[in-house]
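Spelled out from the first residue to the last, the chains are:
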Amino acid sequence: MGFRAVRISEKVWWVGAIDWSLKEFHGYTTHSGTTYNAYLIEGENPVLIDTVKAPFKDEMYARISSVIGSPEKIRTIISNHAEPDHSGALPDVIREIQPEKVYASVAGVRILNDQFGIGDKLTAVKTGDSIEIGNGMTLSFVETKMLHWPDSMICYLSGEKILFTQDGFGMHLATEKLFADENPMDQMLQEMKTYYANILLLYSNQVSKLLDSIPSLNLDIAMIAPDHGPIWRGDLLTFPLEKYREWSNQKPERRAVICYDTMWGATDKMARSIADGIRSTGAAVEVFNMHNRSRSDVATAMLKAGALVIGSPTLNNMAFPSLMDTLCYLRGLRPKNLKGAAFGSFGWSGEAVAQITEQLNAMNCETIEPLKLKFASSKEDFEACFEYGVKIGESIKDL
Ligand code: FEO
């Protein structure tokens, strides 16, 4: 296959795959595809760090072959993360190239075996362990449990000064420009933020602890090489660390997110009137009609928002399915420091608003009295919505 590796330092090559077509990653809409980054360390004992999603194995092999002639020369594999977008190719790779050692964390050994039954090729490493890989280079391991799987770990390559961080500091973005500084910064920020909001938000405590611990690791880092999206270096080296610190703090801003669906347009008009009321208080507001927006876009907007406002009509005594889908997804991400509000138009029973409020309470939102209107249609109805927006805006005025 016609693929080439890309050199990222004197001894290290990017040998991953670009998935230009990916649209969905376990519930997260990936508007711009992704990359599955794998890295080859050249030397007398070539080392492969992570693999790729199973269908991309041949692309990875072709890139490896462009450097060392044949993947069979690889003697050591590091599995920093057992999720199948990085380990899916691993069982075949182990069978086909027969490496001497495959290193993973203790949980990684267990999970790789649970998923693939790999067996005795796997060797567990813990925080503080390191291996000599020849040419004076050492790989040192740091477990990063629950960032974002139990097995997750990162590793540091001395000499080349590269920190391989698997999902951490990554983003779902298909690009042939391998370094962050070669891509537009607004895109780097937005895609990294989207990734954090949808994959890591619920592990923000662990992110904070990891950031706290980095100085004590005494690592001289020249590059941060994640398993998705571009590599951080130079002036941008600290950028992902600073952003992760900011996002993990979850300090809310004076901004509300309205998320709604509508049957015959009444709840839509309510949403837009509420948005105007919020805006009139000086707070920012973003509005998502779930008929045509993705749950993961709402999750991204929710990062550091002060209020989450959900509007639903009642359908067959239930909230609208698109809202319950979104709430299920958002609840799993365990946002903190959010005010919650529910609203909706109804015809005769109107259970949706109470059901939504129950979900907002379950998310530990501090809820505001909901607004429920029968066949919302009059000027007075929408004035009430505007005032409800003012009430929401006022509730976050001190942020
Ligand atoms: Fe990129 Fe958690 O896998």
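Everything here concerns the structure above.
Here the structure is a predicted model, which means the values were calculated and not measured. Here, residues in each chain are numbered from 1, in the same order as that chain's written sequence. Reporting in this predicted model follows two pLDDT cut-offs: at least 70 for local features of residues, and 80 or more for side-chain atom pairs to be given and counted; totals over whole chains, interfaces and linings ignore these cut-offs and use all residues. Think of the side-chain values as coming from all heavy atoms in the structure, minus any hydrogens and water.

Put simply, a nonpolar core is a bunch of buried Ala, Val, Leu, Ile, Met, Phe, Trp, Tyr and Cys residues held in one set by side-chain atoms that sit within 4.5 Å of each other. A simple rule labels every residue: compare its accessible area, found with a 1.4 Å probe on the protein chains alone, to the largest value its type can have, and call it buried under 20%, exposed over 50%, or partly exposed in between. In terms of nonpolar packing, the biggest core is built from 90 residues, with Val15, Met60, Trp232, Tyr244, Leu308 and Leu360 touching the most fellow members. Lining this core are residues from two domains, each supplying at least three of them: domain 1 (6-249) and domain 2 (255-393). Throughout, a residue-residue contact means that at least one pair of heavy atoms, one from each residue, lies within 4.5 Å. Non-local contacts of Tyr244, meaning those with residues more than four positions away in its chain, are made with Asp167, Gly168, Phe169, Gly170, Met192, Tyr196, Leu200, Val207 and Leu211. Val125, Leu139, Leu178 and Ala225 belong to the second-largest nonpolar core, a separate cluster that totals 27 residues. Start and end positions for the domains come from either an automated domain assignment or a database one.

Let's shift gears to the sheet that holds strand 9 (residues 76-78). One open sheet accounts for 7 strands, arranged 1-2-7-8-9-10-11; its pairing is mixed. Both outer strands of the open sheet, strand 1 (6-7) and strand 11 (122-125), are each paired with one neighbouring strand and no more. One requirement defines pairing of two strands: DSSP has to find at least two bridges between them. In DSSP terms, a helix is any run of H or I states spanning at least four residues, a strand is any run of E spanning at least two, and both are numbered starting from the N terminus. Across 3 bridges, strand 8 (residues 47-49) lies against strand 9 in parallel orientation. Looking at the pairing, Val47 lines up with Thr76 of strand 9. On the sheet, helix 1 (residues 57-68) packs against strand 2 (12-14), strand 7 (39-41) and strand 8 and is oriented at approximately 25 degrees with respect to strand 7. As a rule, the C-alpha atoms of each element are fitted with a line to give its axis, helices using only the stretch in contact, and angles between N-to-C directions run from 0 to 180 degrees.

Moving on, we come to the packing of helix 1 against helix 3 (residues 90-97). When two helices pack together, you describe them by how their axes are tilted relative to each other and by the distance separating the axes. Between helix 1 and helix 3, the least distance of the axes is 11 Å, while the angle of their chain directions is 45 degrees. Taken as axis vectors, helix 1 and helix 3 run oblique relative to one another. Where helix 1 crosses over helix 3, the handedness of that crossing is right-handed. For the pair helix 1 and helix 3, contact is made by Lys57, Met60 and Tyr61 and by Asp92, Val93, Glu96 and Ile97, respectively. The class makeup of the residues in the contact of helix 1 with helix 3 is 4 nonpolar, no polar and 3 charged. To sort the angles, those under 35 degrees are grouped as roughly parallel, those over 145 as roughly antiparallel, those from 65 to 115 as roughly perpendicular, and the leftovers as oblique. Two helices cross in a left-handed way if the nearer one is turned anticlockwise from the farther one by less than a right angle. They cross in a right-handed way if the turn is clockwise. For this classification, Asp, Glu, Lys and Arg are treated as charged, while Ala, Val, Leu, Ile, Met, Phe, Trp, Tyr, Cys and Pro are nonpolar and the rest, including Gly, are polar.

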